[in-house]
Amino acid sequence: MRFSEDRLDKLKCSDGIERTIHVWEPEKPRMIFVAIHGGMAHAGDYVTPALWFKQHDIATISFDMQGHNQQKKVFIPSFQVFLDDLLLFIDWAKRSYPGTPLVMMGHSMGGLILTHYGLNEANIPKQIKGFVLSSPYYGNAIKTPAALLKVAGLLSKILPKMAVPIEDIKSHLTHDETITLRHRQDERDGFRASQASARFAIELLVAQEQLRGRMQEWEHPMFVALAGQDKVADTSIAETLLAYIEPELLEKRLYEQNFHENFNEVNREEIYQAILEWLDSGIL
(Lines give C-alpha, C1' and ligand atoms only; values in the text may rest on other atoms or scores of the structure.)
Protein backbone atom coordinates (compact mmCIF):
# COMPACT_ATOMS: atom_id res chain seq x y z
CA MET A 1 0.00 0.00 0.00
CA ARG A 2 1.29 3.44 -0.92
CA PHE A 3 1.39 4.89 2.62
CA SER A 4 2.43 1.76 4.55
CA GLU A 5 -1.08 1.15 5.84
CA ASP A 6 -1.95 -2.15 7.46
CA ARG A 7 -5.28 -2.15 5.68
CA LEU A 8 -7.79 0.01 3.83
CA ASP A 9 -11.52 0.25 4.36
CA LYS A 10 -14.42 2.38 3.10
CA LEU A 11 -16.57 5.06 4.70
CA LYS A 12 -19.94 5.88 3.15
CA CYS A 13 -20.06 9.64 3.50
CA SER A 14 -23.01 12.00 3.85
CA ASP A 15 -23.20 12.47 0.07
CA GLY A 16 -23.58 8.72 -0.43
CA ILE A 17 -20.08 8.27 -1.87
CA GLU A 18 -17.65 5.76 -0.35
CA ARG A 19 -14.21 7.16 0.47
CA THR A 20 -11.05 5.38 1.55
CA ILE A 21 -10.17 4.86 5.20
CA HIS A 22 -6.45 4.35 5.85
CA VAL A 23 -5.63 2.20 8.89
CA TRP A 24 -2.30 1.81 10.68
CA GLU A 25 -2.72 -0.49 13.66
CA PRO A 26 -0.71 -2.67 16.03
CA GLU A 27 -1.94 -6.14 16.86
CA LYS A 28 -3.70 -5.01 20.05
CA PRO A 29 -4.20 -1.22 20.03
CA ARG A 30 -4.67 0.39 23.43
CA MET A 31 -5.85 3.64 21.89
CA ILE A 32 -7.03 4.97 18.52
CA PHE A 33 -6.17 8.28 16.91
CA VAL A 34 -9.16 9.38 14.80
CA ALA A 35 -7.16 11.61 12.47
CA ILE A 36 -8.51 14.38 10.22
CA HIS A 37 -6.18 15.70 7.54
CA GLY A 38 -5.50 19.25 6.43
CA GLY A 39 -6.78 21.22 3.48
CA MET A 40 -5.48 20.31 0.00
CA ALA A 41 -4.01 17.15 1.57
CA HIS A 42 -5.11 13.53 2.11
CA ALA A 43 -5.32 10.83 4.76
CA GLY A 44 -2.02 9.25 3.70
CA ASP A 45 -0.21 12.28 5.12
CA TYR A 46 -0.59 10.67 8.55
CA VAL A 47 1.80 7.86 7.63
CA THR A 48 4.76 9.37 9.51
CA PRO A 49 3.16 9.83 12.96
CA ALA A 50 1.03 6.71 12.48
CA LEU A 51 4.05 4.43 12.10
CA TRP A 52 5.72 5.94 15.19
CA PHE A 53 2.65 5.64 17.39
CA LYS A 54 2.01 2.13 16.11
CA GLN A 55 5.22 1.12 17.92
CA HIS A 56 3.55 2.33 21.11
CA ASP A 57 0.40 0.25 20.58
CA ILE A 58 -1.64 3.16 19.25
CA ALA A 59 -3.60 2.83 16.01
CA THR A 60 -4.26 5.70 13.61
CA ILE A 61 -7.25 5.85 11.30
CA SER A 62 -7.92 8.59 8.75
CA PHE A 63 -10.11 9.02 5.69
CA ASP A 64 -9.94 11.09 2.51
CA MET A 65 -12.45 13.85 3.09
CA GLN A 66 -14.98 15.30 0.68
CA GLY A 67 -13.35 17.45 -1.98
CA HIS A 68 -9.96 15.87 -1.37
CA ASN A 69 -10.29 12.30 -2.61
CA GLN A 70 -7.84 12.38 -5.54
CA GLN A 71 -9.20 15.62 -6.97
CA LYS A 72 -6.99 18.33 -8.45
CA LYS A 73 -9.34 21.09 -7.27
CA VAL A 74 -10.98 21.06 -3.84
CA PHE A 75 -14.69 21.79 -3.88
CA ILE A 76 -17.22 21.33 -1.10
CA PRO A 77 -20.84 22.49 -0.98
CA SER A 78 -20.34 23.71 2.61
CA PHE A 79 -18.10 23.33 5.66
CA GLN A 80 -20.91 21.36 7.27
CA VAL A 81 -20.15 18.30 5.10
CA PHE A 82 -16.86 17.87 6.99
CA LEU A 83 -18.75 17.72 10.29
CA ASP A 84 -21.43 15.40 8.90
CA ASP A 85 -18.79 12.98 7.63
CA LEU A 86 -16.82 13.25 10.87
CA LEU A 87 -19.84 11.94 12.79
CA LEU A 88 -20.05 8.99 10.40
CA PHE A 89 -16.33 8.35 10.83
CA ILE A 90 -16.59 8.39 14.62
CA ASP A 91 -19.45 5.88 14.40
CA TRP A 92 -17.23 3.68 12.21
CA ALA A 93 -14.42 3.94 14.77
CA LYS A 94 -16.73 3.02 17.66
CA ARG A 95 -17.98 -0.05 15.78
CA SER A 96 -14.49 -1.09 14.72
CA TYR A 97 -12.87 -0.59 18.13
CA PRO A 98 -15.61 -1.07 20.75
CA GLY A 99 -14.54 0.17 24.15
CA THR A 100 -11.06 1.29 23.04
CA PRO A 101 -10.28 4.94 23.92
CA LEU A 102 -10.50 7.33 20.98
CA VAL A 103 -8.40 10.49 20.70
CA MET A 104 -9.32 13.01 18.02
CA MET A 105 -6.30 14.21 16.02
CA GLY A 106 -6.35 17.06 13.52
CA HIS A 107 -3.77 19.00 11.55
CA SER A 108 -4.42 22.48 10.14
CA MET A 109 -7.92 22.43 8.61
CA GLY A 110 -8.44 19.15 10.46
CA GLY A 111 -7.87 21.09 13.68
CA LEU A 112 -10.44 23.67 12.62
CA ILE A 113 -12.97 20.91 11.91
CA LEU A 114 -12.35 19.18 15.24
CA THR A 115 -12.65 22.45 17.13
CA HIS A 116 -16.08 23.02 15.59
CA TYR A 117 -16.99 19.45 16.52
CA GLY A 118 -15.87 19.92 20.11
CA LEU A 119 -17.77 23.19 20.47
CA ASN A 120 -20.97 22.27 18.66
CA GLU A 121 -21.61 18.56 19.22
CA ALA A 122 -23.81 18.10 22.27
CA ASN A 123 -23.33 14.34 22.61
CA ILE A 124 -19.62 13.60 22.31
CA PRO A 125 -19.14 9.88 23.08
CA LYS A 126 -17.48 9.04 26.40
CA GLN A 127 -15.13 6.85 24.36
CA ILE A 128 -13.47 10.08 23.11
CA LYS A 129 -10.88 11.07 25.70
CA GLY A 130 -9.23 14.14 24.20
CA PHE A 131 -8.04 16.16 21.22
CA VAL A 132 -4.56 16.49 19.70
CA LEU A 133 -4.14 19.38 17.24
CA SER A 134 -1.26 20.55 15.08
CA SER A 135 -1.20 24.10 13.69
CA PRO A 136 -4.99 24.51 13.83
CA TYR A 137 -6.18 26.64 10.94
CA TYR A 138 -7.89 29.34 13.01
CA GLY A 139 -6.55 32.13 10.80
CA ASN A 140 -4.78 32.45 7.48
CA ALA A 141 -1.10 33.43 7.63
CA ILE A 142 -1.32 34.63 4.02
CA LYS A 143 -3.42 37.76 4.35
CA THR A 144 -5.99 38.27 1.62
CA PRO A 145 -6.83 41.83 0.50
CA ALA A 146 -10.38 42.89 1.38
CA ALA A 147 -11.20 43.56 -2.28
CA LEU A 148 -10.16 40.02 -3.23
CA LEU A 149 -12.25 38.60 -0.39
CA LYS A 150 -15.31 40.39 -1.76
CA VAL A 151 -14.66 38.97 -5.21
CA ALA A 152 -14.15 35.47 -3.79
CA GLY A 153 -17.37 35.76 -1.81
CA LEU A 154 -19.28 36.70 -4.95
CA LEU A 155 -17.66 33.90 -6.95
CA SER A 156 -18.58 31.44 -4.20
CA LYS A 157 -22.22 32.23 -4.91
CA ILE A 158 -22.29 32.50 -8.69
CA LEU A 159 -19.28 30.36 -9.73
CA PRO A 160 -18.61 28.19 -6.66
CA LYS A 161 -16.35 25.72 -8.47
CA MET A 162 -14.12 28.35 -10.03
CA ALA A 163 -10.48 28.04 -8.94
CA VAL A 164 -9.02 30.88 -6.88
CA PRO A 165 -5.28 31.69 -6.95
CA ILE A 166 -3.25 30.12 -4.14
CA GLU A 167 0.45 30.25 -3.39
CA ASP A 168 2.55 27.09 -3.75
CA ILE A 169 3.70 26.64 -0.15
CA LYS A 170 4.87 23.01 -0.28
CA SER A 171 8.46 24.15 0.35
CA HIS A 172 7.26 25.83 3.57
CA LEU A 173 5.40 22.89 5.11
CA THR A 174 8.37 21.08 6.66
CA HIS A 175 12.17 21.31 6.80
CA ASP A 176 12.30 17.59 5.95
CA GLU A 177 13.23 17.56 2.26
CA THR A 178 12.28 13.91 1.85
CA ILE A 179 8.71 14.62 2.94
CA THR A 180 8.58 17.72 0.73
CA LEU A 181 9.52 15.51 -2.22
CA ARG A 182 6.75 13.11 -1.21
CA HIS A 183 4.23 15.96 -1.15
CA ARG A 184 5.25 17.00 -4.65
CA GLN A 185 5.04 13.44 -5.93
CA ASP A 186 1.61 13.05 -4.30
CA GLU A 187 0.46 16.14 -6.19
CA ARG A 188 1.78 14.80 -9.50
CA ASP A 189 0.08 11.46 -8.85
CA GLY A 190 -3.26 13.06 -7.99
CA PHE A 191 -3.33 12.39 -4.24
CA ARG A 192 -2.77 16.02 -3.21
CA ALA A 193 -4.87 18.87 -4.59
CA SER A 194 -3.25 21.88 -6.27
CA GLN A 195 -6.27 24.19 -6.64
CA ALA A 196 -8.93 25.55 -4.31
CA SER A 197 -12.43 26.46 -5.40
CA ALA A 198 -14.00 29.78 -4.44
CA ARG A 199 -16.60 27.99 -2.32
CA PHE A 200 -13.96 26.02 -0.41
CA ALA A 201 -11.92 29.15 0.33
CA ILE A 202 -14.88 31.16 1.59
CA GLU A 203 -16.29 28.29 3.69
CA LEU A 204 -12.99 28.03 5.56
CA LEU A 205 -12.92 31.77 6.25
CA VAL A 206 -16.50 31.65 7.55
CA ALA A 207 -15.65 28.65 9.77
CA GLN A 208 -12.68 30.56 11.20
CA GLU A 209 -14.81 33.60 11.97
CA GLN A 210 -17.41 31.43 13.73
CA LEU A 211 -14.85 30.50 16.40
CA ARG A 212 -14.49 34.11 17.58
CA GLY A 213 -15.98 34.58 21.01
CA ARG A 214 -16.63 30.86 21.54
CA MET A 215 -13.38 29.26 22.68
CA GLN A 216 -14.17 29.84 26.35
CA GLU A 217 -16.90 27.21 25.87
CA TRP A 218 -14.31 24.47 25.22
CA GLU A 219 -14.67 21.57 27.71
CA HIS A 220 -12.29 18.80 26.57
CA PRO A 221 -8.62 17.92 27.20
CA MET A 222 -6.54 19.34 24.35
CA PHE A 223 -2.89 19.09 23.31
CA VAL A 224 -1.83 21.66 20.71
CA ALA A 225 1.45 21.88 18.80
CA LEU A 226 2.03 25.30 17.23
CA ALA A 227 4.68 26.22 14.67
CA GLY A 228 6.72 29.39 15.12
CA GLN A 229 7.53 29.73 11.41
CA ASP A 230 4.08 28.82 10.10
CA LYS A 231 3.39 30.32 6.66
CA VAL A 232 -0.08 28.73 6.35
CA ALA A 233 -1.92 29.08 9.67
CA ASP A 234 -1.54 32.27 11.69
CA THR A 235 0.04 31.15 14.98
CA SER A 236 -0.72 34.44 16.73
CA ILE A 237 -4.45 34.01 16.07
CA ALA A 238 -4.29 30.45 17.41
CA GLU A 239 -2.53 31.60 20.57
CA THR A 240 -5.11 34.35 21.11
CA LEU A 241 -8.03 31.93 20.79
CA LEU A 242 -6.42 29.17 22.82
CA ALA A 243 -5.87 31.62 25.68
CA TYR A 244 -9.62 31.48 26.33
CA ILE A 245 -9.50 27.76 27.18
CA GLU A 246 -9.31 26.82 30.86
CA PRO A 247 -5.60 26.15 31.63
CA GLU A 248 -6.26 22.73 33.17
CA LEU A 249 -7.72 21.54 29.85
CA LEU A 250 -4.92 22.77 27.59
CA GLU A 251 -1.39 21.53 26.98
CA LYS A 252 0.14 23.96 24.47
CA ARG A 253 3.60 23.61 22.95
CA LEU A 254 5.19 26.19 20.65
CA TYR A 255 7.99 24.92 18.41
CA GLU A 256 9.71 28.12 17.36
CA GLN A 257 11.63 26.82 14.32
CA ASN A 258 8.90 24.64 12.83
CA PHE A 259 7.10 25.18 9.58
CA HIS A 260 3.40 24.30 9.35
CA GLU A 261 3.45 20.48 9.49
CA ASN A 262 4.61 19.72 13.02
CA PHE A 263 3.87 16.01 12.61
CA ASN A 264 6.21 15.91 9.59
CA GLU A 265 8.94 18.22 10.89
CA VAL A 266 12.54 17.22 11.59
CA ASN A 267 11.84 17.39 15.35
CA ARG A 268 8.67 15.31 15.06
CA GLU A 269 9.75 12.56 17.43
CA GLU A 270 10.12 15.17 20.19
CA ILE A 271 6.51 16.20 19.49
CA TYR A 272 5.26 12.62 19.35
CA GLN A 273 6.93 11.91 22.69
CA ALA A 274 5.30 14.99 24.25
CA ILE A 275 1.90 13.82 23.01
CA LEU A 276 2.50 10.33 24.35
CA GLU A 277 3.52 11.65 27.77
CA TRP A 278 0.45 13.91 27.85
CA LEU A 279 -1.83 10.97 27.02
CA ASP A 280 -0.21 8.73 29.62
CA SER A 281 -0.32 11.43 32.31
CA GLY A 282 -3.96 10.74 33.08
CA ILE A 283 -5.91 11.76 29.98
CA LEU A 284 -7.08 8.19 29.32
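Residues numbered from 1 in each chain as written. Predicted model: local features only at pLDDT ≥ 70, side-chain atom pairs only at ≥ 80, totals over all residues. Heavy atoms only, no water.

Draft legend 1. The arrangement of the overall build of the protein chain in detail. On a plain count of helices and strands, the protein chain comes out with 8 helices and 11 strands. Relative to the 2.2 N^0.38 estimate, which gives 19 Å for 284 residues, the radius of gyration of the protein chain is 18 Å and therefore close to what a compact globule would have. With the principal axes as the frame, the protein chain shows a C-alpha extent of 50 × 40 × 40 Å. Long-range pairs, those at least 24 residues apart, make up 79% of the contacts in the protein chain between residues at least 6 apart in sequence. (Helix = DSSP H or I, 4+ residues; strand = E, 2+ residues; numbered from the N terminus. Rg over C-alpha atoms; globule rule 2.2 N^0.38 Å. Contact = heavy atoms within 4.5 Å.)

Draft legend 2. Spatial organisation of the pattern of salt bridges. Counted according to the given criterion, the structure contains 16 salt bridges. The shortest N-O distance in the salt bridge between aspartate 280 and arginine 30 comes to 3.2 Å. Of this pair, aspartate 280 sits in helix H8 (residues 268–283) while arginine 30 sits in the loop between strand E2 (18–24) and strand E3 (31–36), placing them 250 residues apart in sequence. Judged by relative accessible area, aspartate 280 falls into the partly exposed class, the value being 46%. Between lysine 170 and aspartate 168 there is a salt bridge whose closest N-O contact spans 2.9 Å. Salt bridges here are not isolated pairs; linked through shared partners, they connect Asp168, Lys170, Arg184 and Glu187. (Salt bridge = Lys/Arg side-chain N within 4 Å of Asp/Glu carboxyl O. Buried < 20%, exposed > 50% of the residue type's maximum accessible area, 1.4 Å probe, protein only.)

Draft legend 3. Expanded view of the sheet that holds strand E4 (residues 58–63). The strand order E1-E2-E4-E3-E6-E7-E10-E11 describes an open sheet built from 8 strands, whose pairing is mixed. Both edges of this open sheet fall to strand E1 (7–12) and strand E11 (250–255), since each of them pairs with a single strand only. Each strand axis lies, on average, 20° off the axis of its neighbour in the sheet, ignoring direction. Bridge count for E3 against strand E6 (residues 102–107) is 5 bridges, and the pairing is parallel. Bridged to isoleucine 36 within E6 is glycine 106. Contacts between helix H7 (residues 235–242) and the sheet are confined to strand E10 (222–227) and E11, with E10 contributing the most and set at about 155° to the helix. (Pairing = 2+ DSSP bridges. Axes fitted to C-alpha atoms, helices over the stretch in contact; angles between N-to-C directions.)

Draft legend 4. The arrangement of the environment of proline 77 in detail. Looking at where proline 77 falls in the secondary structure, it is placed in the loop between strand E5 (73–74) and helix H2 (80–96). Residue classification places proline 77 among the partly exposed positions, given a relative accessible area of 43%. In the structure, proline 77 is positioned 20 residues away from tyrosine 97 in sequence and 31 Å away in space, judged by C-alpha atoms. Here proline 77 is in contact with Gln66 and Arg199, once residues within four sequence places are set aside.

Draft legend 5. Representation of the sheet that holds strand E8 (residues 163–164). Taken together, the 3 strands give an open sheet; going across it, the order is E5-E9-E8, and neighbouring strands pair in mixed fashion. Here the strands that pair on one side only, and so sit at the sheet edges, are E5 and E8. Bridge count for E5 against strand E9 (residues 195–197) is 2 bridges, and the pairing is parallel. Note that in E9 the partner of valine 74 across the bridge is alanine 196.

Draft legend 6. Quick peek at the environment of histidine 56. Relative to the elements of secondary structure, histidine 56 occurs in the loop between helix H1 (47–54) and E4. The spatial distance from the C-alpha of histidine 56 to the C-alpha of arginine 30 is 8.8 Å, given a sequence separation of 26 residues. Leaving out residues up to four positions away in the same chain, histidine 56 has contacts with Arg30 and Leu276.

Draft legend 7. Structural context of the packing of helix H3 (residues 109–120) against helix H6 (residues 198–209). Closest axis-to-axis distance for the H3/H6 pair is 11 Å, and the angle between their directions is 50°. As summarised for this structure, H3 and H6 are arranged oblique, according to the angle between their axes. Our pair here, H3 against H6, has a crossing hand that is left-handed. Facing H3, whose interface residues are Met109, Leu112 and His116, H6 presents Phe200, Leu204, Ala207 and Gln208. Counted by class, the contact of H3 with H6 contains 5 nonpolar, 2 polar and no charged residues. (Parallel < 35°, antiparallel > 145°, perpendicular 65-115°, else oblique. Left-handed = near helix turned anticlockwise from the far one by under 90°. Nonpolar A, V, L, I, M, F, W, Y, C, P; charged D, E, K, R; others polar.)

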